[in-house]
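The chain contents come next:
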Amino acid sequence: MSEPEKIVDSDDEGIRGRIARALGVDGASRDGVYRHVAHASTLRDPTYWLEILMSAGIAILGLSLDSPAVIIGAMLISPLMGPILAAGLALAAGDFVLLSRTAVNILLSSVVAVLFAMLFVAFLPFREMTGEIAARLRPTTLDLVVALLSGAVGALAISKSARGVATSIPGVAIAVALMPPLGVVGYGAGLAVTVDPRQGAEIFRGGGLLFLTNLAAIIFSAMLVFLLLHFDAPEMRGKIREGRESDPESRFIHFLILRYPIPDWLDRVGTGPVRLAIPLIFVVVLFAPLSKSLDKIKSELAERKQVTLIQQKATSLWQENFAKTLDGKPRSSILSLSSAHSTKRLELRLRVVTTAPLTLSERAMYTRLVAAAMDRDPSTIDLDLIQIPAAEATMPPLTTVEKSTSVAELVSKLESRLEPLLAQTKFPARAKVLGTALSLGGGEPVIELRYMADTALPAEASELIEENVRRLTGLTTASVHFVHVPSPFRIRFAEGSSTLPVEAAASLDAIGQAAAGKESAHVTVKFSGAARLSERRVATIRNALLEQGGLDEKQVSAETDEAIAAGEMMVVLLVP
């Protein structure tokens, strides 16, 4: 049997040979695939570089506009598909000349795409974090799996058809994994140069990690597929040498390899196991930060789930026990509820409207119910309950107050007596008393004191006022509630988001209620930064004030203030 016949037989024998034949891959098709893939990694094709620029531009516009449809347009161009598949094929076949060409191609293509994206960012009228950008800043092991599958599909598809790289489905699969992250890298670099170096560096690192992860994973899985399809068959060596001689770029790279003492090194690292280890090492190295990112995301999701569970149980317990009176009449409803928890403490902050304020024993009862539902010790739960009277009633006879005294007279008398008292009390900076209210619930008088300040009353000041209010009014059993209306009030939105933070709702409600019914009161929303996102955030705040606070549209306005940090909004209430 002649030597060529032995080579053919060796190709047909074994599991890999049978798999290749089952997929329609033989010696002739391998040759065609190799030539097409090698040609796709050329640096001399101007069309390729135009596609790099266009796909990078479309990607950065899609990311900036937060438009998945535009990003898909960049994916469909897929200029990086050819060089990346060529890198996997070169490792599988042991062709280090082709591997050198593809390495240079991928490096230059990436640099060109990033620089072009930076140029786009410099001329964009807005530079706000979008959901599409944020989605690519925290790659995880799941992204690694997507890239591995993309590389495998790409290699399989191109191996079954030698009709050209541009007409096969790996274009979509690989572009999905690579061009958008490159756009994020360019966006981060552009942001670091033009606006915010710190935020730009964070975006650059996140996008860069995703790009490197996907690049290494795609090359590795493509190499495995090419090895499985026997692209390292002995007869491929001759085809590789023929292709090298006919291609000017390959001849030049081969000349450099022969000129310097590299061949001996290539002989040592050119074995199959070593070639397999080259991309595998990169995948393993990247696995650690990816796993850490996934663990962090899982922890955040668990935290959100826990917060939701706490709030649902706290709301349910309130509705079951305090929403109605014993005779079935409405008693109270929750305006806002927020929570903060750790392994040692659970803090609940409720703001409710009620016709009959909770007594101390009822508060203790609610705390015990929450503790039982959350499997906690009641002593570890801090309940911050603000009760807003729903209506005023006639004051019952009290030994310290004349029987004919009405609630309105008591309020008037209370306000006149409190004025000198509050003037002598140490309030926070720029504090202003907005008014008082007196109501009765369950036979116990409730006095509400509403004040506006940038910070809440110190504990010692509130205790002093509470004691003097009871003494001045003669209502020794009265409960005194302080309602803090924050102004100026800063709202910190999540990056790229215009959703109102949960903890800001109660404060906005307090501001809205303080201004409602007062024509001279006005609320100003101050902001800085790019107009597009800021407009959405202003609209969110305005809607909250109009819907929950009951303000008139003319009472709410917006203005820019460069002193405010990016991502923050300041709400200022003015009450003459």
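Rules of the game
- Residues numbered from 1 in each chain as written.
- Predicted model: local features only at pLDDT ≥ 70, side-chain atom pairs only at ≥ 80, totals over all residues.
- Heavy atoms only, no water.
- Helix = DSSP H or I, 4+ residues; strand = E, 2+ residues; numbered from the N terminus.
- Buried < 20%, exposed > 50% of the residue type's maximum accessible area, 1.4 Å probe, protein only.
- Contact = heavy atoms within 4.5 Å.
- Areas by Shrake-Rupley, 256 points an atom, 1.4 Å probe, with all protein chains shown as cover.
- Core = buried A, V, L, I, M, F, W, Y, C linked by side-chain atoms within 4.5 Å.
- Pairing = 2+ DSSP bridges.
- Axes fitted to C-alpha atoms, helices over the stretch in contact; angles between N-to-C directions.
- Parallel < 35°, antiparallel > 145°, perpendicular 65-115°, else oblique.
- Left-handed = near helix turned anticlockwise from the far one by under 90°.
- Nonpolar A, V, L, I, M, F, W, Y, C, P; charged D, E, K, R; others polar.
- Expected span 1.5 Å × (residues − 1).
- Right-handed = clockwise from strand over helix to strand, strands pointing away.
- Patch = residues over 30% accessible without salt bridge, like charges linked within 9 Å, V, L, I, M, F, W, Y side chains within 5 Å.
- Salt bridge = Lys/Arg side-chain N within 4 Å of Asp/Glu carboxyl O.
- Phe/Tyr/Trp six-rings, centres within 6.5 Å; stacked < 30°, edge-to-face > 60°.

## Notes on the overall build of the protein
Helix and strand counts for the protein stand at 20 helices and ten strands. The buried share of the protein, reckoned over its 576 residues, is 47%. For the protein, contacts bridging at least 24 residues in sequence account for 76% of all contacts bridging at least 6. Accessible surface, the protein: about 28,200 Å² in total, of which carbon and sulfur atoms supply 60%.

## Section: the nonpolar core
Generally speaking, soluble globular proteins have nonpolar side chains that are buried together. Counting 56 residues, the largest nonpolar core has Leu-80, Ile-84, Met-179, Phe-226 and Phe-231 as the members making the most contacts within it. Counting residues per element, this core draws most heavily on helix H11 (residues 197-228), at twelve residues. The contact partners of Met-179, leaving out residues within four places of it in the chain, are Ile-52, Ser-55, Ala-56, Ala-59, Pro-79, Leu-80 and Ala-113. Counting residues in each nonpolar core, the second largest holds 28 residues, with Ala-521, Val-525, Val-538 and Met-569 among its members.

## Details of the sheet that holds strand S9 (residues 556-560)
On the basis of which strands lie adjacent, the open sheet formed by four strands has the order S7-S10-S8-S9 and mixed pairing. With one partner strand each, in any of the chains shown, strand S7 (489-492) and S9 form the two edges of the open sheet. Pairwise comparison of adjacent strand axes, ignoring direction, gives a mean angle of 25 degrees for this sheet. Pairing of strand S8 (residues 522-527) with strand S10 (residues 568-574), which is carried by six bridges, proceeds in the antiparallel orientation. Among the inter-strand pairings, Val-523 is bridged to a residue of S10, identified as Leu-573. Here helix H19 (residues 502-515) sits on the sheet and contacts S7, S8 and S10; the angle it forms with S7, its principal contact strand, is near 145 degrees.

## What to know about the packing of helix H6 (residues 81-93) against H11
At their nearest, the axes of H6 and H11 sit 8 Å apart, and the two run at 50 degrees to each other. For the element pair H6 / H11, the angle class is oblique. For the pair H6 and H11, the sense of crossing is right-handed. Along the contact surface, H6 presents Ile-84, Leu-85, Ala-87, Gly-88, Leu-89, Leu-91 and Ala-92, while H11 presents Leu-215, Ile-218, Ile-219, Ala-222, Met-223, Phe-226 and Leu-227. A breakdown of the residues in the contact of H6 with H11 according to their chemical character gives 13 nonpolar, one polar and no charged.

## A closer look at H6
A rise of 1.5 Å per residue sets the reference length of H6, with its 13 residues, at 18 Å; its end C-alpha atoms lie 18 Å apart and thus fit the reference within 8%. Across the 13 residues of H6, 13 count as buried, placing the element largely inside the fold. One or two residues past the end of H6 sits Gly-94, with phi positive at roughly 75 degrees.

## Concerning the pairing of strand S2 (residues 346-354)
If a strand is regular, its side chains alternate between the two faces of the sheet. Direction of pairing for strand S1 (residues 332-341) relative to S2: antiparallel, over a ladder of nine bridges. The residue of S2 that forms the bridge with Ser-332 is Thr-354. Pairing analysis gives nine bridges linking S2 to strand S3 (residues 381-389), with the strands arranged parallel. When the bridges of S3 are listed, Leu-350 appears paired with Leu-385. Between the parallel pair S2 and S3, the chain is carried across by helix H16 (residues 360-373), and the sense of this crossover is right-handed.

## Quick notes on the sheet that holds S1
One open sheet accounts for three strands, arranged S1-S2-S3; its pairing is mixed. Looking at strand neighbours, the two that pair on one side only are S1 and S3, the edges of this open sheet. Ignoring which end each strand starts from, the neighbouring axes of this sheet average 15 degrees apart. Of the strands in this sheet, S2 and S3 touch H16, which is tilted by about 135 degrees from S3.

## Quick word on the pairing of S10
Burial analysis of S10 places six of its seven residues in the buried class, which makes it a mostly covered element. Note that S7 and S10 share four bridges and pair antiparallel. Across the sheet, residue Arg-490 finds its bridge partner in S10, namely Met-570.

## Digging into a nonpolar patch on the surface
Nonpolar side chains collect at one region of the surface, where Leu-107, Val-111 and Leu-115 lie side by side and expose about 290 Å² of accessible area between them. On the secondary structure map, Leu-107 appears in helix H7 (residues 96-123). Look at Leu-107 and you get exposed, because its relative accessible area is 56%.

## Digging into the packing of aromatic side chains
Counted under the stated rule, the structure contains six aromatic pairs. Ring plane angle 80 degrees and centroid distance 5.1 Å describe the contact between Tyr-48 and Trp-49, whose orientation is recorded as edge-to-face. Through successive ring pairs, a cluster of aromatic residues spans Trp-318, Phe-322 and Tyr-366.

## Remarks on the environment of Arg-532
With respect to the secondary-structure elements, Arg-532 resides in helix H20 (residues 531-548). Classification of Arg-532 by relative accessible area gives partly exposed; the value is 38%. Sequence-distant contacts of Arg-532, that is, excluding residues within four places in its chain, are made with Ser-64 and Leu-65.

## Points about the packing of helix H4 (residues 46-65) against helix H5 (residues 68-77)
One way to put it is that H4 packs onto H5 with a least axis distance of 7 Å and a crossing angle of 160 degrees. Here H4 is positioned roughly antiparallel relative to H5, judged by the angle of their axes. Relative to H5, the crossing made by H4 is left-handed. Of H5, the residues touching H4 (which contributes Glu-51, Met-54, Ser-55, Ile-58, Ala-59, Leu-61, Gly-62 and Leu-63) are Val-70, Ile-71, Gly-73, Ala-74 and Ile-77. Within the contact of H4 with H5, the residues separate by chemical class into nine nonpolar, three polar and one charged.

## Here we look at the side chain of Ser-293
Considering the arrangement of structural elements, one finds Ser-293 in helix H15 (residues 272-322). Ignoring sequence-local partners within four residues, the contact set of Ser-293 consists of Arg-138, Pro-139 and Thr-140.

## With respect to unusual backbone geometry
With phi around 60 degrees, Asp-66 is a residue other than glycine that occupies positive phi space. Its relative accessible area of 36% is what places Asp-66 among the partly exposed residues.

## What to know about the environment of Gln-311
With respect to the secondary-structure elements, Gln-311 resides in helix H15. When the C-alpha atoms of Gln-311 and Leu-337 are compared, they prove to be 7.0 Å apart, with 26 residues separating the residues in sequence. The contact partners of Gln-311, leaving out residues within four places of it in the chain, are Leu-337, Ser-338 and Ser-339.

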